Amino acid sequence: MPTESGSCSAARQAKQKRKSHSLSIRRTNSSEQERTGLPREMLEGQDSKLPSSVRSTLLELFGQIEREFENLYIENLELRREIETLNERLAAEGQAVDGAELSKGQLKTKASHSTSQLSQKLKTTYKASTSKIVSSFKTTTSRAVCQLVKEYIGHRDGIWDVSVARTQPVVLGTASADHTALLWSIETGRCLVKYTGHVGSVNSIKFHPSEQLALTASGDQTAHIWRYAVQLPTPQPVADTSQMCGEDEVECSDKDEPDVDGDVSSDCPTIRVPLTSLKSHQGVVIAADWLVGGKQAVTASWDRTANLYDVETSELVHSLTGHDQELTHCCTHPTQRLVVTSSRDTTFRLWDFRDPSIHSVNVFQGHTDTVTSAVFTVGDNVVSGSDDRTVKVWDLKNMRSPIATIRTDSAINRINVCVGQKIIALPHDNRQVRLFDMSGVRLARLPRSSRQGHRRMVCCSAWSEDHPVCNLFTCGFDRQAIGWNINIPALLQEK
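Notes on the structure in this doc start here.

The rules behind each value
Residues numbered from 1 in each chain as written. Predicted model: local features only at pLDDT ≥ 70, side-chain atom pairs only at ≥ 80, totals over all residues. Heavy atoms only, no water. Pairing = 2+ DSSP bridges. Helix = DSSP H or I, 4+ residues; strand = E, 2+ residues; numbered from the N terminus. Axes fitted to C-alpha atoms, helices over the stretch in contact; angles between N-to-C directions. 1 Å grid on protein atoms, 1.4 Å probe; cavity = no way out; pocket = protein on both sides within 12 Å on 5 of 7 lines; lining within 4 Å. Points joined across faces, edges and corners; volume = space filled by probe spheres on them. Nonpolar A, V, L, I, M, F, W, Y, C, P; charged D, E, K, R; others polar. Polar contact = N/O pair within 3.5 Å; in protein donor to acceptor, adjacent residues only side chain to side chain. Contact = heavy atoms within 4.5 Å.

Further remarks concern the sheet that holds strand 16 (residues 327-332). Picture the strands of a sheet paired through backbone hydrogen bonds; they go either parallel or antiparallel. Taken in spatial order, the four strands make up an open sheet running 16-17-18-19, and their pairing is antiparallel. Edge positions in the sheet fall to strand 16 and strand 19 (358-365), since each has one partner strand and no second. With direction set aside, neighbouring strand axes in the sheet form an average angle of 20°. Judged from the five bridges that link them, strand 17 (residues 338-343) and strand 18 (residues 347-355) form a sheet pairing that is antiparallel. Residue pairing for strand 18: Leu338 is matched across the bridge by Asp352.

What the rule picks out here adds up to one cavity of 30 Å³ or more. In this structure, the largest cavity spans a volume of roughly 40 Å³. Lining of the largest cavity is provided by Arg431, Gln432, Val433, Leu446, Pro447, Arg448, Gly453, His454 and Trp484. For the lining of the largest cavity, the per-class residue count stands at four nonpolar, three polar and two charged.

Another point: the side chain of Thr216. Relative to the helices and strands, Thr216 resides in strand 7 (residues 213-218). A polar contact of 2.8 Å, which involves the side chain of Thr216, links it to the side chain of His198. Residue contacts for Thr216: discarding those within four places in its chain leaves Ala181, Tyr195, His198, Val202, Ser204, Ile205, Thr222, Ala223, His224 and Trp226.

Below, the structure is given as structure tokens:
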């Protein structure tokens, strides 16, 4: 009992010291300001060659820096006190465990372990605080790097996937839970074609590498191949809606979703019957893609299998088994007969069809939760994203460990890589879209506020490197797709 009373008293005294120290810091800051006699208004009124808006921004930023470092200093002192208190408690416990004293070596080991944990906490605190300060400066240097160009609004439910045609005319495709797939004019945002052949959610859309064919996967357990013919409308001048890629944001509620007055896609041509239907799965078909050359297609399903089909005959060529849980995504290599499948079993698998007689399989194990997607990049690299909030870059020649790891604050959905510039776009559950390079360095975050950006979970991203107007597209549960113009040279220069 006396021991408990003493510890309570010590804790109370430590708390009072922290409180008095915090108050003394505030008082010190106030007295310094009084001594200098330079309040904010007088500082702003001094002669300066800087424009008033820039000067005001600098004063605000320096004020933020001061507050951040003040909080950091207080947290540092508190953590140091916790370390001292913990060491004292461990020393006391070392004299009363089973009535015998712990050896100095045992006590030192135990204390050093706990101290190292708190030291790690201290490092994390420093890192978090300084990152906020750095991001404050970054907002002033990222103007016009990421510009919202066009919004594509017309679906009646969330959009699962977005894709860009690889042949002329270049159009945008979206796949939605409203059982439809829509093709859009990138420049005008007008709906060009509506596909209604599925009786379930359309989960993915991919364009043929050389023909005007689209491949869609659906919750009705099928994948459809359908032909489209479009005539692009005359583009209108694009309004300047440039925004900065900053860290500041305004929270948006779900009621801020875009309203669709009438059916935007009702006046565009409708395709109701596919050319080919691929029907071998026993569960939801979550994704599909074309193999190089476009003569074969691969599908991924919740029945834990991926199927390889002959496009011309619709025949099943191979059933790819081995995953322990539902598949979430599939992707093909742009120049080689390689397929990568992702699964809820925390793995993704590489399937090699380059040798017709041997179909090798490699399993990548590096995530701790569902692998939501894995995509090919330049050379022999694969990038995987997961619900464990990490993205990993892998070398196909060394599967044991990733060559880079990106840690984020939210689950990651279908990622996409700008192959030419090696930039990864990460759509998140928390409505953010972030851009990273292949080494794991964060380049930017797409702007999001009450006026623009996604209002709900962002499901997918797609790059279109050569398009003059938009080179990145995103889609989400807010029923819209967005076209962005990313100034890549400026982005890399800021890096």
